[in-house]
Amino acid sequence: EIMGNQAGTETKIWTNMLRGTCQENWAWITVPFDVSADYHTYAFNITADSISWMVDGVAYRTVATDSFPDVRTAAQSGSFREFISVWG
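The shown structure was predicted, so the numbers you read here are calculated from the model rather than taken from an experiment. (Residues numbered from 1 in each chain as written. Predicted model: local features only at pLDDT ≥ 70, side-chain atom pairs only at ≥ 80, totals over all residues. Heavy atoms only, no water.)

Draft legend 1. Seen up close, the sheet that holds strand E7 (residues 50-55). One open sheet holds the 3 strands; their spatial order is E6-E7-E8, and the pairing between them is antiparallel. Each edge of the open sheet carries a strand with a single partner, namely strand E6 (42-46) and strand E8 (58-64). Within the sheet, the average angular offset between the axes of one strand and its neighbour, ignoring direction, is 20 degrees. For E7 and E8, the ladder comprises 6 bridges, and the chain directions are antiparallel. Note that in E8 the partner of Trp53 across the bridge is Arg61. (Pairing = 2+ DSSP bridges. Helix = DSSP H or I, 4+ residues; strand = E, 2+ residues; numbered from the N terminus. Axes fitted to C-alpha atoms, helices over the stretch in contact; angles between N-to-C directions.)

In structure tokens, the structure reads:
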């Protein structure tokens, strides 16, 4: 999950990983630009070992999945479901 919040020349972006029975693993990240000033590409990079939240090809948060066996199993099996929400 990715959600942005404008705060001056920087933007705070909410990132979250829901797992198990809706257990959250969230964090605010700060990107050094105003996300509302132009178009941007938001993505996840999901590997067998980690999940990264990305903006314009740059990873701003990476979480190792070794302490989350349910996430690791889902990512490796292809049953992992990712969502991006855009709020204005």
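From this point on, the discussion continues.
Draft legend 2. Representation of the confidence of the model for the chain. Averaged over the chain, the pLDDT score is 82; the fraction of residues at 70 or greater is 86%. Mean pLDDT across the elements of the chain bottoms out in strand E1 (residues 2-7) (55) and peaks in E8 (95). (pLDDT = per-residue confidence, 0-100.)

Draft legend 3. Focus on the pattern of salt bridges. Evaluation of the coordinates by the stated rule reveals 2 salt bridges. A salt bridge links Arg19 to Asp70, with the nearest nitrogen and oxygen atoms 3.4 Å apart. Of the two residues, Arg19 sits in strand E3 (residues 18-19) while Asp70 sits in helix H1 (residues 69-77), which places them 51 residues apart along the sequence. Asp49 serves as the salt-bridge partner of Arg72, at 3.3 Å between the closest nitrogen and oxygen. Of this pair, Arg72 sits in helix H1 while Asp49 sits in the loop between E6 and E7, and the two are 23 residues apart along the sequence. Owing to a relative accessible area of 23%, Arg72 belongs among the partly exposed residues under this scheme. (Salt bridge = Lys/Arg side-chain N within 4 Å of Asp/Glu carboxyl O. Buried < 20%, exposed > 50% of the residue type's maximum accessible area, 1.4 Å probe, protein only.)

Draft legend 4. The arrangement of the environment of Thr15 in detail. Position of Thr15 among the secondary structure elements: in strand E2 (residues 10-15). According to the relative accessible area criterion, Thr15 is buried, its value standing at 0%. When the C-alpha atoms of Thr15 and Ile29 are compared, they prove to be 7.3 Å apart, with 14 residues separating the residues in sequence. Reaching out from Thr15, the side chain makes a polar contact with the backbone oxygen of Ala27 at a distance of 2.8 Å. Here the side chain of Thr15 touches Arg61 through a polar contact of 2.7 Å, side chain to side chain. (Polar contact = N/O pair within 3.5 Å; in protein donor to acceptor, adjacent residues only side chain to side chain.)

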